[in-house]
Amino acid sequence: MKKNSSKRETCRLCESKKLDLVVPLAPTPLAEKYFPDSETAGKQQFYDMDLHMCLECGHVQLLEVVNPEVLWDDYTYHSGQTRGIIDHFEDCAEMILKRHTPDKNSLVVDIGSNDGSFLRCFQKRGLRGLGVDPAKEIARKATDSGVETLAEFLSPDLAEKITAQHGSASIVTAFNVFAHTDDLDGMVRSIRSLLSPEGIFVFEVSYLQNIIDDMLLGTFFHEHLSHHSVKPLIQFLERNGLELIDLQRVSIQGGSLIGIAQLAGGPHTVSASVGEIVSIEENRLLNRPETLRSFADKLSGLRQQVSKLTEGWEDQGISAAGFGAARSGNTLIAQMGLKDLIDYIVDDHPQKVNKRIGGYDIPVLPTKELTERRPDYTFILAWIHAKKIIAGNREYLKGGGKFIVCCPELLVVDVEFDLK
């Protein structure tokens, strides 16, 4: 039997052993794991979440690596279930095809393609799409819907098979999956093998600067092994035969970075955006340990504020729930010490309702229970959708309930609160 996790001892980008603990975090159970009974849910393992910085290249990363077969088994996230994600994919497809105009019927390979939503944007523009995603059930559904998807982890061997069967790719994408990979060298070798000489690799990652500036605590979970910034990425890509040629900051997921790379010496010009963002990072000391330690201090202060707010709730009979069985929820529960405060979480996802969250053994109930049970306070765990959740649950607020938003700052929201 394979171990559930292992510990890295070297930097994921440059292999240096000079790794410094910069943001200590409480261990958490795996996100997106739901179980039908209390006994099974309560037995789920907790894993380290501490963030380390490489003192050689400045890359920020988790060293605890969960076995991918454990991490992606029974995965429940579907990108096509969120309208905002679909709109974002459409915008990105347009942006990519303006930057790079491949011939009709050229191949697009999407790594971590999930339910095929991104590839459909290219297919309807006359390109061929091929997905690669290890979540077997999601991959099967994507294939059944018309987006051929290989239920495998990308590897150099798989890349060779794809090239042999489908030809070289004009575009390879990896949106919110480049941060999920422990073996980034292997992934980049695979991408290099897939690309045609004039092809481009486009990736999207949560951006470290946004995480720090906006206290995006909800971006920390075990899928995200890396928290990327540009300067370490440039060095890493160059060592692996790729050249970063364009960057764009976008607001999705609280603040992300879209990067475009080509094979070293490729035909595309390098945008001024690359040097501009590197300069900003240097001025902000983004790749210095003290910057991350300052973030850790702010997080500690936020945790103390939540503790002060909730002190004595049990003795006073104050009830609390959570809103949104989200990937970020486990992190917020662990880091803010909410496990013994939240009685249940409301959500309408069909694969989550009436199940229990692994590790915490908290039940997930339909959102209608919020107005029926009327807890005194409700912590918003789906942090990205806080404004939408507050706006859509005015009846709960009118009945005297209060929402609590934990980051980027602690907010207690009642019916008089101005959303702006």
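Residues numbered from 1 in each chain as written. Predicted model: local features only at pLDDT ≥ 70, side-chain atom pairs only at ≥ 80, totals over all residues. Heavy atoms only, no water.

Would you take a moment to explain the sheet that holds strand 9 (residues 107-111) for this structure?
Hydrogen bonding along the main chain pairs the strands of a sheet, whether they run parallel or antiparallel. Spatial strand order, 11-10-9-12-13-16-15: 7 strands in an open sheet with mixed pairing. Looking along the sheet, the strands with just one partner apiece sit at the ends: strand 11 (149-150) and strand 15 (242-250). Packed onto the sheet, helix 3 (residues 83-99) meets strand 12 (169-175), strand 13 (195-206), strand 15 and strand 16 (256-263) and runs at close to 145° relative to strand 12. (Pairing = 2+ DSSP bridges. Helix = DSSP H or I, 4+ residues; strand = E, 2+ residues; numbered from the N terminus. Contact = heavy atoms within 4.5 Å. Axes fitted to C-alpha atoms, helices over the stretch in contact; angles between N-to-C directions.)

Looking at this structure, I do not really get the packing of helix 6 (residues 156-166) against helix 7 (residues 184-194). What am I missing?
Orientation of helix 6 relative to helix 7, taken along the N-to-C sense of each, is 15°, at an axis distance of 8 Å. Comparing their axes, helix 7 and helix 6 come out roughly parallel. Our pair here, helix 6 against helix 7, has a crossing hand that is right-handed. Contacts between helix 6 and helix 7 involve Pro156, Ala159, Glu160, Ile162 and Thr163 on the former and, on the latter, Gly186, Arg189, Ser190, Ser193 and Leu194. Of the residues assigned to the contact of helix 6 with helix 7, the class counts are 4 nonpolar, 4 polar and 2 charged. (Parallel < 35°, antiparallel > 145°, perpendicular 65-115°, else oblique. Left-handed = near helix turned anticlockwise from the far one by under 90°. Nonpolar A, V, L, I, M, F, W, Y, C, P; charged D, E, K, R; others polar.)

Quick question: what am I supposed to make of the pairing of strand 21 (residues 377-380) here?
Along any regular strand, the residues point their side chains to alternate faces of the sheet. Of the two faces of strand 21, both are covered, the one formed by Tyr377 and Phe379 as well as the one formed by Thr378 and Ile380. Two strands pair when backbone bridges link them, and strand 17 (residues 320-323) and strand 21 are joined in this way by 4 bridges, in the parallel orientation. Residue pairing in the sheet places Ala321 in a bridge with Thr378 of strand 21. With 3 bridges joining them, strand 21 and strand 22 (residues 402-405) adopt parallel strand pairing. If you follow Tyr377 over to strand 22, its bridge partner there is Lys402. (Buried < 20%, exposed > 50% of the residue type's maximum accessible area, 1.4 Å probe, protein only.)

Please explain the environment of Gly84 as it appears in this structure.
Inspection of the secondary structure assignment puts Gly84 in helix 3. On the basis of relative accessibility, which here comes to 39%, the residue Gly84 falls in the partly exposed class. Considered as a pair, Gly84 and Ile252 are 168 residues apart in the sequence and their alpha carbons are 8.5 Å apart.

I keep staring at the sheet that holds strand 7 (residues 60-62) and nothing clicks. Help me out?
Read across the open sheet, the 4 strands follow the order 2-6-7-14; overall the sheet is antiparallel. At either end of the open sheet lies a strand with only one pairing partner, and these are strand 2 (19-23) and strand 14 (226-227). Pairing between strand 2 and strand 6 (residues 51-54): 4 bridges, direction antiparallel. Bridging from a neighbouring strand, Val23 pairs with Leu51 of strand 6.

Explain the packing of aromatic side chains to me, please; I cannot follow it from the model alone.
Each aromatic ring pair is specified by the distance between its two centres and by the angle formed by the two planes. The final tally for this structure, using the stated rule, is 13 aromatic pairs. By the ring-pair criterion, three or more aromatic residues cluster together here, those being Phe89, Phe118, Phe122 and Phe175. Across the ring face of Tyr344, the terminal group of Arg373 is positioned such that the distance to the ring centre comes to 5.1 Å. (Phe/Tyr/Trp six-rings, centres within 6.5 Å; stacked < 30°, edge-to-face > 60°. Lys NZ or Arg CZ within 6 Å of the ring centre and 35° of its normal.)

In this structure, what is going on with the nonpolar core? I would like to understand it.
Side chains of nonpolar character tend, in soluble globular proteins, to be buried together. Counting 90 residues, the largest nonpolar core has Phe178 and Phe201 as its most contacted members. With 6 residues, helix 11 (residues 289-310) is the largest single contributor of residues to this core. Those residues in contact with Phe201 that lie beyond four places of it in its chain are Val172, Thr173, Ala174, Phe178, Ile191, Leu195, Leu242, Gly259, Ile260 and Ala261. Listed in part, the 23 residues of the second largest apolar core include Phe118, Leu127, Ile245 and Ile260. (Core = buried A, V, L, I, M, F, W, Y, C linked by side-chain atoms within 4.5 Å.)

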